[in-house]
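Coordinate analysis (summary)
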Amino acid sequence: MIATASVLDVRNLSVDYMTSRGAVRAVDSVSLEVAKGEFLGIVGESGCGKSTLLFAIARLLSPPAEIASGSVLFKGRDMVTLGETELRHIRWHDYSVVMQSAMNALNPVMTIGAQLKDAIEAHDNMPAQRVRARSEEVMRLVGIDPLHLKSYPHQLSGGMRQRAMIAMALVFTPELVIMDEPTSALDVVAQRSLMLQIKELQRRIGFAAVFVTHDMSLVSHFSDRLAVMYAGQVVEIGATRMMFEDPKHPYTKGLMQSFPSISGPKQRLVGIAGSPPDLLRPPSGCRFHPRCPSVMTRCLTEEPPLYVRPDALVKCHLYSDDA
Amino acid sequence: MSYLVRRLEFFAITLWAALTINFILPRVMPGNPGQAMLVRFHGRVSPQAIKTIEAAFGVRSDQSLVQQYFQYLGNTLRGDLGVSLTFFPNTVGDVIKQGLLWTIGLVGMATIIAFLLGTLLGMLSAWWRGGIFDALLPPVFIVISSFPYFLLALLALLLFSITLDWFPLGFAYDLNSSINLSWSFVGEVAWHGFLPALTIVITSIGGWILTMRNTMITTLAEDYVKMARAKGLSPLRIMLTYAGRNAILPNLTGFAMSLGFVISGAILVEIVFNYPGVGFMLLQAVNSEDFALMQALFLLITVAVLVAVLAADILTAWLDPRTRDTA
Amino acid sequence: MAVRIITDQAPVETPMVSSQSGVVGTLARALVSNRKALAGIVVVGIFAVVSIFAGVIAPYDPNAIQFEPILGPSRAHLLGTTGNGQDIFSQLVWGTRQSLFLALVAGLMATVIAVVVGVSAAYLGGLWDHVLNLFTDVFLVIPTLPLMIVVAAYAKGGGILVLIAVIVITGWSYGARQLRSQALSLRNREFLEAARARGERSFYIIVFEILPNMTSLIVAIFLGAALYAVLAAAGLQFIGLGDSNDLSWGTMLHWAQNNGALLAGSPLWVLAPGFCIAALGAAFALLNYAFDEIGNPALRPVRRTRT
């Protein structure tokens, strides 16, 4: 699984929320890698820590959240150790962020053009004409008439706003684009259209993408690799195709069985019994053990590491070397 | 545009409300203020002035209420507000013109300074969250802003004018000087006006700081601020253009709405310092039962507040493109 | 349709309060843990005790002019005497009654009107909302002190009732606006839809479903109104409106100012009532702010994070 040219290499990253009741570990020792040009999807239920993980990687956490330990190697440098001033140089230029709701992520009192200009001028001393030219270029790239550079966010439709955000994210053709559920706020048709557009842009520009979502079917069509998160930990990570055909972790299996497929024989839908744990006092041993249909005695006391299998990494004792 | 039209509509309606209140009050209150005034004016004023008072206060019974109302409205809008008892034989119009200048100078400037400074401090306090600034500020300013204006004025008077003798006891300028545009006169005015202005700034700034801090905190949690950080923009730019410019919008509306309270406090400050503005004049009018002057001052102050509100609305429309598009 | 991962957990929602005892319990707990609120409660409590036991605490009859005027503080006269030969401390103690009374009564009445107007506007909607809104805004903008002065002047000074009336007339609009906003946001929540679907009448919905959820705001508004009442009453009495022969902190200031207390060397005559006014006002302000914090957790003090 180790790619020789990995753009992003996250190692044992942990994020804590400092609450009045103590530190809540929202992300627990997560490790993952993204190769150049690869599309990695991160899926999980609400509250599993996927968005927190994303913002930790992008160094965009705000109090009370903070990185407790671990490293995030981006292009060879550990982002966790970089100060704000150093970070500012690589922000947007080398990696950019696309957020869930463009209506909230765009400054309501500035035109799209002004916000693009801001991003450009923060990193480059381009003459005004070139700024203009580049802005128009990225707008056309995502299929928006450059006329809309003069528009305010509230004057655009939802789909257009989202695409404007993507245009902004690509203005410096970064190597990594981090996306936090960018399609959740759209209807199905717009969702598919946006995803196709993102894939097309990826093909043309060649950026790596980390895409967080709770929508399994969407991510199954578009991602190369998939990471499944549960209770702040990555429980399985591997090629998307393999995960759908042969899910290994009981949780992943449960997910796959939770939604119907259009083709094939009618199946009974099976959910996953129980509810996600309280992260202030997580279960001992394997965090999934209270809900696991294949639970064993050692699962209650021993937290499984990420076992290496030929086509996936699985955090489950069922796949231990001596199983 | 429709936003501004609605605000102008509001302006007109409130103005009408103030005029109507002026009209109704002397007629529902016990006693007959109009009659009382006429007795004191008897034989000393022009017939025109008598007519004005009658229409405003409803003394003559041969005119119907509606007729009186329109007479009163007409007079007022033409600027015919009657004759002042306190400053006899000057007309009310002349008298309030004088006071207006002083009040706008003192109160206007002090309020604007307090608003701008308070907004800036509130913004910084939210930006540097968790620091000493933020921990000290709220309790200190909550207490200060609940302090009655006039009390602070009295304290200032006691400490700086009486005990330390650093500043004069009141009024706008030295009683021996005459009004002119020389530097020494301007200096005098500044010296006399310093304590009153300081009082107004200190008591009102707390409110601006606190509300700006609160809106700024909410704004800083917004996604577009996170985006601005993600884009690598400089902290100053984020604070001002992304957070500040959005956070100040509700504050502007709040500024407009609370202007009425600010003016009230300023009036009391004028009274304590015997500053010859419209507030002090209002007190004099009340004490000498000069109802015509009193009414006119009430109207004037209301109009001043309305104009300020309209100005704040225009500013909001300019700063927030969303308001221009809403119906 | 996006396929959601099925779990047994219900979607997270802000807790709904629909019983009166739950509301009081939550509030009480929240208050005690907030330092600002505690300070405010203590101060108000002290004044309340003083006003109830005024007869016991005050050493002399406040109106008795038997003493030597303009005395400094001494064991016989804790705060000295006024220009008329009255004991300042006794006046202060007895004056607490009217000042506290004015603040609470005027504050309460203003709040009631604000609730009625604000919630009705939000609930009735349409033309009613528009009209009530306009009504509220007009009263909000018209400068309060000049209006109060004009009304009180026509009433020839008037007594305590006129004072309360003018304070209430000018003070309700600020709260009405805020209440309307919150009522509007609550109006469309699901639990109200459920109540309507059950066939409950509007009145029931307003009183038993909407109001309990607005308790925190209503209390905050009451505190704001009480603060306004304290300052407004003091201001009006200071100028000489209201009955100057009444005994309250404001009237004390009026007589002090009239007798040139500051210049004549009896500053305590001004400072003592002034301090009490400021203290009571500050108490209400602190409580008000504390309720803001309780209602909006984002405003609470932030602990320094480790770097």
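Residues numbered from 1 in each chain as written. Chains lettered and ligands numbered in written order. Predicted model: local features only at pLDDT ≥ 70, side-chain atom pairs only at ≥ 80, totals over all residues.

**A look at the overall build of chain B**
Helices and strands together make up the secondary structure of chain B, namely 13 helices and 0 strands. Listed by position from the N terminus, the elements making up chain B come as α-α-α-α-α-α-α-α-α-α-α-α-α. Counting only C-alpha atoms, chain B reaches 80 × 55 × 40 Å along its principal axes. Counting the 327 residues in chain B, one finds 49% classified as buried. Across chain B, contacts joining residues at least 24 apart in sequence account for 73% of those joining residues at least 6 apart. (Helix = DSSP H or I, 4+ residues; strand = E, 2+ residues; numbered from the N terminus. Buried ≥ 20, exposed ≤ 12 C-beta atoms within 10 Å, placed from the backbone. Contact = placed C-beta atoms within 7 Å.)

**Remarks on the overall build of chain C**
Each helix and strand in chain C was counted, giving 13 helices and 0 strands. Walking chain C from its N terminus toward its C terminus, one meets helices and strands in the order α-α-α-α-α-α-α-α-α-α-α-α-α. Within chain C, the fraction of its 307 residues that count as buried is 46%.

**A short note on the interface of chain B and chain A**
Accessible area lost when the parts come together is the quantity often used to give the size of an interface. Opposite the 18 residues of chain B that make contact, chain A presents 21 residues. For the side of chain B that touches chain A, the secondary structure elements donating two or more residues are helix H9 (223-230), helix H10 (235-273) and helix H13 (321-325) of chain B. Residue contributions to the side of chain B that touches chain A peak at 6 residues, all from H9(B). Split by residue class, the side of chain B that touches chain A holds 7 nonpolar, 3 polar and 8 charged. (Nonpolar A, V, L, I, M, F, W, Y, C, P; charged D, E, K, R; others polar.)

**Topic: the confidence of the model for chain C**
All names here are of chain C. Taken over all residues, the pLDDT of chain C has a mean of 76, while the share at 70 or more is 80%. Per-residue pLDDT, averaged within each element of chain C, yields its smallest value for helix H1 (residues 20-33) (62) and its largest for helix H4 (residues 88-124) (88). Here residues 1-21 scores under 50 on pLDDT; set against residues more than four positions off or in separate chains, the count is 34 contacts. Across residues 303-307, where pLDDT falls below 50, the model places 5 contacts with residues more than four positions away in sequence or in other chains. Complex prediction metrics read pTM 0.74 and ipTM 0.80. (pLDDT = per-residue confidence, 0-100.)

**Considering helix H1 (residues 2-28) of chain B**
Taking 1.5 Å of rise per residue, 27 residues should cover 39 Å, and H1(B) covers 38 Å from first to last C-alpha, within 8% of that figure. Those residues of H1(B) that fall on the buried side of the exposure criterion are B:Thr14, B:Ala18, B:Asn22, B:Phe23, B:Leu25 and B:Pro26. Looking at the buried side of H1(B), the elements it contacts are helix H2 (33-41), helix H3 (47-57), helix H4 (65-78) and helix H12 (291-319) of chain B together with helix H5 (126-141) and helix H6 (144-154) of chain C. (Expected span 1.5 Å × (residues − 1).)

**Here we look at the packing of helix H7 (residues 149-163) of chain B against helix H8 (residues 183-220) of chain B**
All names here are of chain B. Between H7 and H8, the least distance of the axes is 9 Å, while the angle of their chain directions is 135°. Taken together, the axes of H7 and H8 are oblique relative to one another. Regarding H7 and H8, the two cross each other, and that crossing is right-handed. Contacts between H7 and H8 involve Tyr149, Leu152, Ala153, Ala156, Phe160 and Ser161 from the first element and Leu195, Pro196, Leu198, Thr199, Ile200, Ile202 and Thr203 from the second. Of the residues belonging to the contact of H7 with H8, the class tally is 10 nonpolar, 3 polar and no charged. (Axes fitted to C-alpha atoms, helices over the stretch in contact; angles between N-to-C directions. Parallel < 35°, antiparallel > 145°, perpendicular 65-115°, else oblique. Left-handed = near helix turned anticlockwise from the far one by under 90°.)

**Comments concerning the pairing of strand S8 (residues 208-213) of chain A**
All names here are of chain A. Judged by how many residues are buried, S8 sits mostly within the fold: 6 of 6 residues are covered. The side-chain alternation of S8 yields two buried faces, one formed by Ala208, Val210 and Val212 and the other by Ala209, Phe211 and Thr213. In this sheet, S8 lies alongside strand S3 (residues 39-43) in parallel orientation, the contact comprising 5 bridges. Opposite glycine 41, over in S8, you have phenylalanine 211 as the bridge partner. The sheet contact formed by strand S7 (residues 176-180) and S8 spans 5 bridges and is parallel. By the bridge assignment, methionine 179 is partnered in S8 with phenylalanine 211. Crossover S7 to S8 through helix H7 (residues 188-205) is right-handed. (Pairing = 2+ DSSP bridges. Right-handed = clockwise from strand over helix to strand, strands pointing away.)

**Here we look at the interface of chain C and chain B**
Facing the 43 residues of chain C at the interface are 51 residues of chain B. Among the elements that make up the side of chain C that touches chain B, the one with the highest residue count is helix H13 (residues 268-295) of chain C (10 residues). Class assignment of the residues belonging to the side of chain C that touches chain B gives a composition of 35 nonpolar, 4 polar and 4 charged.

**Let's talk about the environment of B:Gly260**
For B:Gly260, the position within the fold is in helix H10. Residues B:Gly260 and B:Ile301, 41 residues apart in the sequence, show an inter-C-alpha distance of 8.9 Å. Residues in contact with B:Gly260, not counting those within four places in the same chain, are B:Val305, C:Val141, C:Ile142, C:Pro143 and C:Thr144.

**Notes on the sheet that holds strand S1 (residues 6-19) of chain A**
All names here are of chain A. Ordered by their spatial adjacency, 4 strands build an open sheet running S2-S1-S4-S5, and the pairing between neighbours is antiparallel. In the strand order of this sheet, the two ends are held by strand S2 (22-35) and strand S5 (77-78), each with one partner. In terms of strand pairing, S1 meets S2 through 10 bridges, oriented antiparallel. Across the sheet, the residue bridging to serine 6 is alanine 35, located in S2. Each of S1, S2 and strand S4 (65-74) is contacted by helix H1 (residues 50-57), which is oriented at about 70° to S2, the strand it contacts most.

**Regarding unusual backbone geometry**
Leaving glycine aside, a negative phi is the common case for residues, and trans is the common case for peptide bonds. Residues and elements named next belong to chain A. The phi angle at threonine 173 is positive, at roughly 40°, despite the residue not being glycine. Along the chain, threonine 173 falls in the loop between helix H6 (158-169) and S7. On the basis of neighbour counts, which here come to 17 C-beta atoms within 10 Å, the residue threonine 173 falls in the partly exposed class. Despite not being glycine, glutamate 181 has its phi angle at roughly 45°, a positive value. For glutamate 181, the location among the structural elements is in the loop between S7 and H7. Its 19 C-beta neighbours within 10 Å are what place glutamate 181 among the partly exposed residues.

**Here we look at the pairing of S1(A)**
All names here are of chain A. In this antiparallel pair of consecutive strands, S1 and S2, the connection spans 2 residues. When S1 meets S4, the two strands line up antiparallel, connected through 8 bridges. Paired with valine 10 across the bridge in S4 is valine 72.

**Description of the packing of helix H5 (residues 92-127) of chain B against H12(B)**
Residue and element names in this part refer to chain B. The geometry of H5 relative to H12 is characterised by a closest axis approach of 10 Å and an angle of 45° between their N-to-C directions. When the interaxial angle is binned, H5 and H12 end up oblique. Viewed along their axes, H5 and H12 form a crossing whose handedness is right-handed. Residues Val92, Val95, Ile96 and Leu100 of H5 touch H12, and the partners they reach there are Ala292, Leu293, Ala296, Leu297 and Leu300.

**Here's the deal with the sheet that holds S7(A)**
Residue and element names in this part refer to chain A. Strand order in the open sheet formed by 8 strands is S6-S7-S8-S3-S9-S10-S12-S11, and the pairing between neighbours is mixed. At either end of the open sheet lies a strand with only one pairing partner, and these are strand S6 (95-98) and strand S11 (307-309). Sheet twist, expressed as the average angle between the axes of neighbouring strands with direction ignored, equals 20°. Of the pairings in the sheet, the one linking S3 to strand S9 (residues 225-230) comprises 4 bridges and is parallel in character. Counterpart to leucine 40 in the pairing with S9 is arginine 225.

**A word on the environment of B:Val186**
Within the secondary structure layout, B:Val186 lies in helix H8. Expressed as a C-alpha distance, the spacing of B:Val186 and B:Gly265, which sit 79 residues apart in the sequence, is 25 Å.

**With respect to the confidence of the model for chain B**
Scored by pLDDT, chain B comes out at a mean of 79, with 94% of its residues at no less than 70. Highest mean pLDDT in chain B belongs to H9(B) (90); lowest belongs to helix H6 (residues 132-145) of chain B (73).

**Describing H4(B)**
All names here are of chain B. Counted at 1.5 Å a residue, the expected span for H4 with its 14 residues is 20 Å, and the 20 Å between its end C-alpha atoms agrees. Taken together, the buried positions of H4 are occupied by Gln68, Tyr72 and Thr76. In an axial view of H4, the angular spread of the buried residues amounts to 60°, which keeps them on one side of the axis. Facing away from the buried surface of H4 by more than 90 degrees, the exposed residues are Val66, Gln67, Phe70, Gly74, Leu77 and Arg78. (Arc of directions from axis to C-beta.)

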